[in-house]
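Residues per chain are reported as follows:
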Amino acid sequence: MKVSARANNTKSPSQNKKKPQQKPEQKSQQKQKPQPKPQQKQKQKPQPKPQQKQKQKQKQTELDRLVNTPGAILMLFGLPLFLQFLWYSCEKNQCSEIATVQEILRDPVTFLKQLFPLPNTTAVVIFFSWIISQWVFHIVIPGKILRGFPLIHDKSTLDYKMNGLACFIVTIVGFFVITYLGLLDPSVVVKQYGPILVTANITAFVMCLWMYLKGFLYNQGNPSGNLIIDYFYGYEPNPRIYGWITSDVKFFLEGRALSCWVIMDLCFCYVQWIDGGVSKSLALITVLHFFYVLHYWCYESNALSMLDFTAENMGWMLGWGNLVWVEFCFCMPAFYALRNPKPLSYPLTILFFGVWVAGYLIFSQANLQKHRFKNNPKGKIWGKPPKVISTPNGHSILASGWWGLSRKMNYTGDLIQALSFGLPCLSLSLYRDDKWCHSKYGKAWEEYRKIVPYRLIPYVF
């Protein structure tokens with residue numbers, strides 16, 4: 001009995017030991033089974049992440065609006081003032097901004113009175129005759145209808161009438177015809193430059209208000225909610241006037257502003273021609289501007305891929321920019337050459353023309369390369385397959401050719417062309433300043449010129 005009791009006693013502790021060893025294993029297995037990996041992922045997923053991103057984007061856009069609003073206000077008032085300042089300098093002080101600043105310091109009240117000449121009948125008739133004639137040409141002259149690229153905000157596409165080149169040719173020929181017949185005196189346009197500029201400014205501000213109200217009342221567009229920003233950048237992407245022919249306001253103004261640029265240059269040439277002949281500097285500037293605009297019209301369809309037409313809203317920035325800035329600021333080099341008719345040597349003329357050719361080739365080829373890539377992403381670039389970076393939203397980024405050298409190579413070419421437009425003015429300033437210094441310092445200046453014979457570039461010019 002004792003032996004059996006001991007045996008039982010020995011067995012019972014071993015059983016007791018095994019049971020607690022099995023229980024923790026079972027418990028651990030039970031604990032491990034209800035904790036699969038998906039549950040661990042569920043613990044990490046606080047699924048308001050997209051909401052947090054949206055909130056961050058909203059905060060960023062609100063910050064952008066706060067930053068952009070002062071800038072928009074500054075440009076809304078500052079750019080028209082700056083443009084009037086340029087006109088006043090060329091009209092009253094031979095395009096000398098320094099003389100204008102001195103005049104402001106002497107008598108600011110009188111200056112402000114003269115800075116904004118009131119629109120008169122002649123100025124209003126000239127300006128609106130231009131707008132109406134261009135609109136009639138756009139409607140009447142036939143042209144191919146092309147479908148544009150998808151708009152970024154809703155992926156829709158719009159139709160555009162391609163008759164800009166024909167309208168441009170009719171405009172240039174018509175200018176010479178009505179001038180020859182005595183129906184237009186281009187010198188009157190130059191004399192009325194200030195009142196016409198004020199008329200254009202008023203028209204542009206009113207037009208942009210109309211576009212804003214149109215988008216707001218008909219709920220067309222993608223506004224930001226900020227009144228100033230929506231007026232500046234635009235409420236509606238592509239405002240259109242519908243009738244027996246559909247006209248896109250943005251597309252119309254973008255090109256016709258360039259045509260007006262050339263007409264203003266021709267008016268300056270006419271004034272200088274009747275005074276004794278057109279100088280080489282003014283002739284060169286006018287020719288360069290003409291070919292720049294002609295290129296735009298020859299490749300009018302390429303403009304449809306620009307962000308101006310696919311992404312930007314139509315507000316003050318594009319409306320005023322095309323109706324006022326392009327038409328009355330881009331022609332300032334020609335205005336300067338009119339007021340400062342100094343000689344330009346043939347070597348410098350050839351040099352400046354060569355600078356323009358270099359800029360034109362870069363500008364045109366970069367834009368053409370981008371347009372061809374958008375139409376055919378697999379087409380070869382400089383004889384090789386294009387290097388492309390894919391994006392999550394299905395778009396592609398070209399990273400070869402001109403666009404492999406810099407991200408905005410077309411702007412590089414554009415800046416070089418702009419430099420060629422200003423170089424004749426710079427050379428004229430050099431002659432003017434040299435003459436002024438000679439009259440001020442006399443023989444001392446002649447001695448200085450012998451010691452330092454180069455005007456601008458050491459050992460070259």
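Throughout what follows, the structure given in this document is the object of discussion.

About the thresholds
Residues numbered from 1 in each chain as written. Predicted model: local features only at pLDDT ≥ 70, side-chain atom pairs only at ≥ 80, totals over all residues. Heavy atoms only, no water. Helix = DSSP H or I, 4+ residues; strand = E, 2+ residues; numbered from the N terminus. Buried < 20%, exposed > 50% of the residue type's maximum accessible area, 1.4 Å probe, protein only. Contact = heavy atoms within 4.5 Å. Areas by Shrake-Rupley, 256 points an atom, 1.4 Å probe, with all protein chains shown as cover. Disulfide = S-S within 2.5 Å. Core = buried A, V, L, I, M, F, W, Y, C linked by side-chain atoms within 4.5 Å. Phe/Tyr/Trp six-rings, centres within 6.5 Å; stacked < 30°, edge-to-face > 60°. Lys NZ or Arg CZ within 6 Å of the ring centre and 35° of its normal. Patch = residues over 30% accessible without salt bridge, like charges linked within 9 Å, V, L, I, M, F, W, Y side chains within 5 Å. Salt bridge = Lys/Arg side-chain N within 4 Å of Asp/Glu carboxyl O. Axes fitted to C-alpha atoms, helices over the stretch in contact; angles between N-to-C directions. Parallel < 35°, antiparallel > 145°, perpendicular 65-115°, else oblique. Nonpolar A, V, L, I, M, F, W, Y, C, P; charged D, E, K, R; others polar.

From N to C terminus, the protein includes 18 helices and six strands. For the protein, the residues scored as buried account for 40% of the 461 residues in total. When contacts within the protein are restricted to residue pairs at least 6 apart in sequence, those whose partners lie at least 24 apart make up 74%. As presented, the protein carries roughly 27500 Å² of accessible surface, and 63% of it is formed by carbon and sulfur atoms.

The full count for this structure, using the stated rule, is one disulfide. Bridging cysteine 90 to cysteine 95, the disulfide has an S-S length of 2.0 Å. Measuring the twist about the S-S bond at about 115°, one finds the cysteine 90-cysteine 95 disulfide to be right-handed. Taking the relative accessible area as the measure of exposure, cysteine 90 reaches 5% and is therefore buried. The closest cysteine sulfur to the non-disulfide-bonded cysteine 331 is located on cysteine 260, 7.5 Å from its own sulfur. Classification of cysteine 331 as buried rests on a relative accessible area of 0%.

In this structure, Leu83, Tyr193, Phe268, Val293, Val324, Phe328 and Phe335 are the most contacted members of the largest nonpolar core, which totals 86 residues. Sort the elements by how many residues they give to this core and helix α11 (residues 249-274) lands first, with 16 residues. Contact partners of valine 293, with chain neighbours within four places excluded, come to Phe168, Leu258, Ser259, Trp261 and Val262. Judged by nonpolar contacts, the second largest core, of eight residues, contains Ile362, Trp402, Trp403 and Met409.

In this section: the packing of aromatic side chains. Aromatic ring pairs are defined here through the distance separating the ring centres and the angle between the ring planes. Under the defined criterion, the tally for this structure stands at 34 aromatic pairs. When the ring of phenylalanine 353 is compared with that of tryptophan 356, the centres are 5.8 Å apart and the planes differ by 35°; the resulting orientation is tilted. Of this pair, phenylalanine 353 and tryptophan 356 both sit in helix α16 (residues 346-375), three residues apart, which is roughly one turn of the helix. Judged by relative accessible area, phenylalanine 353 falls into the partly exposed class, the value being 35%. The rings of Phe82, Phe205, Phe232, Tyr233, Trp316, Trp320 and Trp325 are connected pair by pair, giving a single aromatic cluster. Its end group placed over the ring of tyrosine 160, arginine 240 keeps NZ or CZ at 5.0 Å from the ring centre.

Time to look at a nonpolar patch on the surface. A grouping of Leu165, Ile169, Val173, Val177, Ile178, Tyr180, Leu181 and Leu183 is seen on the molecular surface, where their side chains present a nonpolar patch of about 810 Å² in accessible area. Structurally, tyrosine 180 can be placed in helix α7 (residues 164-180).

Here the focus is the packing of helix α9 (residues 193-217) against α11. Taken N-terminus to C-terminus, the directions of α9 and α11 make an angle of 180°; their axes are 15 Å apart at the nearest point. As far as their axial angle goes, α11 and α9 are roughly antiparallel. Residues Tyr193, Met207, Trp210 and Met211 of α9 pack against Val249, Leu253, Met264 and Phe268 of α11. Of the residues assigned to the contact of α9 with α11, the class counts are eight nonpolar, no polar and no charged.

Moving on: the pattern of salt bridges. Summed over the entire model, instances satisfying the criterion amount to four salt bridges. Note that arginine 339 is salt-bridged to glutamate 91, the shortest N-O span being 3.1 Å. Of this pair, arginine 339 sits in helix α15 (residues 332-339) while glutamate 91 sits in helix α3 (residues 49-93), placing them 248 residues apart in sequence. The class of arginine 339 is partly exposed, set by a relative accessible area of 24%. Arginine 147 serves as the salt-bridge partner of aspartate 159, at 3.4 Å between the closest nitrogen and oxygen. Taken together, the residues aspartate 159 in strand β2 (residues 159-162) and arginine 147 in strand β1 (residues 144-147) connect sequence positions 12 residues apart. For aspartate 159, a relative accessible area of 36% corresponds to the partly exposed category.

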